[in-house]
Amino acid sequence: DLAIRGHIEADHALFGKLPLTNVNTDFDRMNGEWHVKGLTARALDGNVRLDLAGRSGADNRIRIKSQIDGMDAGALCLLMGESKPALTGRLNATADLTGDTDVDFFASLGGILGVEVQKGTLNRFALMTRVLSFIDLKNWLTAKLPDPRVAGIPFDTLTATLNGASGDFNTQDLQLSGPVMEIRARGDVRLSDSTVNMEISLIPFDTVNW
C-alpha cells in the first residue's frame, strides 16, 4: 500500500530477454495503480519507447503503448529462441494493447498493432511455402533466381495493421512488396491457438519480362 514514485537511468539493462542500453524511465505506484512512463532505450540497433500501466489486485489488466524504430528483426527472432530467423530486416512498429495477466495473457490481448519491416527476407513461413508449391517454379529456377521455398522471399517493405480483441487480430492490409513478388493478405491471426485464416493474393515474377 506504500505510495512510491521514482526515476531510473541505466547504461545496460534487460527487459525479459531483450538487452537494453541507455535506459531512462519514470515510474509510480499509488491508489492501486502503477505506471512506467516514458521509457526510452536502445535495443538491437533500434530505438524503443514504452509506456505501461496496470492495477494491483484481482483484475490485473495491463495497458501497453510502445513504439519501435529501426530494430533488427532477425536478431529479435533469434532472441525468441528461433534457430533461424523467420524474418529479417529493419522493424518499425507501434502498439496500443491491453491484456489480463490473471488469465491466458495472449488469449486476452486486444488493441491495435502497426508493423513495417524494411529490406528483409521472409523465411520458413509455412503458409507461403504451401502457396508457392502450386506455382511452376521452373522459369524462376532457370533464370538463376533463388528458390523462395529454400532461400526465403526477399522484400523491400512488409506492412500490416492489426486490430484485435480476445487474442484474435484481424488485418485488411498486409502487404509484402519485393523485387520479384508482391503479396497481399487479409484475415485473422489467433494468438490463443496460433492459427491463421487469411485470403492471400500473390503476384509472382512481376519484374520478370516473361
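Residues numbered from 1 in each chain as written. Predicted model: local features only at pLDDT ≥ 70, side-chain atom pairs only at ≥ 80, totals over all residues. Heavy atoms only, no water.

Draft legend 1. The nonpolar core, seen in detail. Met 71, Leu 87, Phe 155 and Leu 176 are the most contacted members of the largest nonpolar core, which has 28 residues in total. When residues no more than four places from it in sequence are discounted, the contact partners of Leu 176 are Leu 122, Ile 153, Pro 154, Phe 155, Thr 157, Leu 158, Met 181, Glu 182 and Ile 183. Listed in part, the six residues of the second largest apolar core include Ala 95, Leu 97, Ala 160 and Leu 162. (Core = buried A, V, L, I, M, F, W, Y, C linked by side-chain atoms within 4.5 Å. Buried < 20%, exposed > 50% of the residue type's maximum accessible area, 1.4 Å probe, protein only. Contact = heavy atoms within 4.5 Å.)

Draft legend 2. Summary view of the pattern of salt bridges. On inspection of all chains with the given rule, the structure shows eight salt bridges. In this structure, the salt-bridge partner of Lys 37 is Asp 28, at a minimum N-O distance of 3.3 Å. In this structure Lys 37 comes out as partly exposed when scored by relative accessible area, which is 42%. Residue classification places Asp 28 among the buried positions, given a relative accessible area of 8%. The salt bridge partner of Lys 119 is Asp 156, with a shortest N-O separation of 3.2 Å. (Salt bridge = Lys/Arg side-chain N within 4 Å of Asp/Glu carboxyl O.)

Draft legend 3. How the structure looks around the pairing of strand β4 (residues 46–55). Burial along β4 is one-sided: Gly 46, Val 48, Leu 50, Leu 52 and Gly 54 are buried, while Asn 47, Arg 49, Asp 51, Ala 53 and Arg 55, pointing the other way, are not. Inspection of the sheet shows strand β3 (residues 33–43) paired to β4 by nine bridges, in the antiparallel sense. Residue Arg 42 lies in a different strand from β4, and its bridge partner there is Asn 47. In the sheet, β4 pairs with strand β5 (residues 61–72) via eight bridges, with the strands oriented antiparallel. (Helix = DSSP H or I, 4+ residues; strand = E, 2+ residues; numbered from the N terminus. Pairing = 2+ DSSP bridges.)

Shape descriptors only; they carry no functional weight alone.
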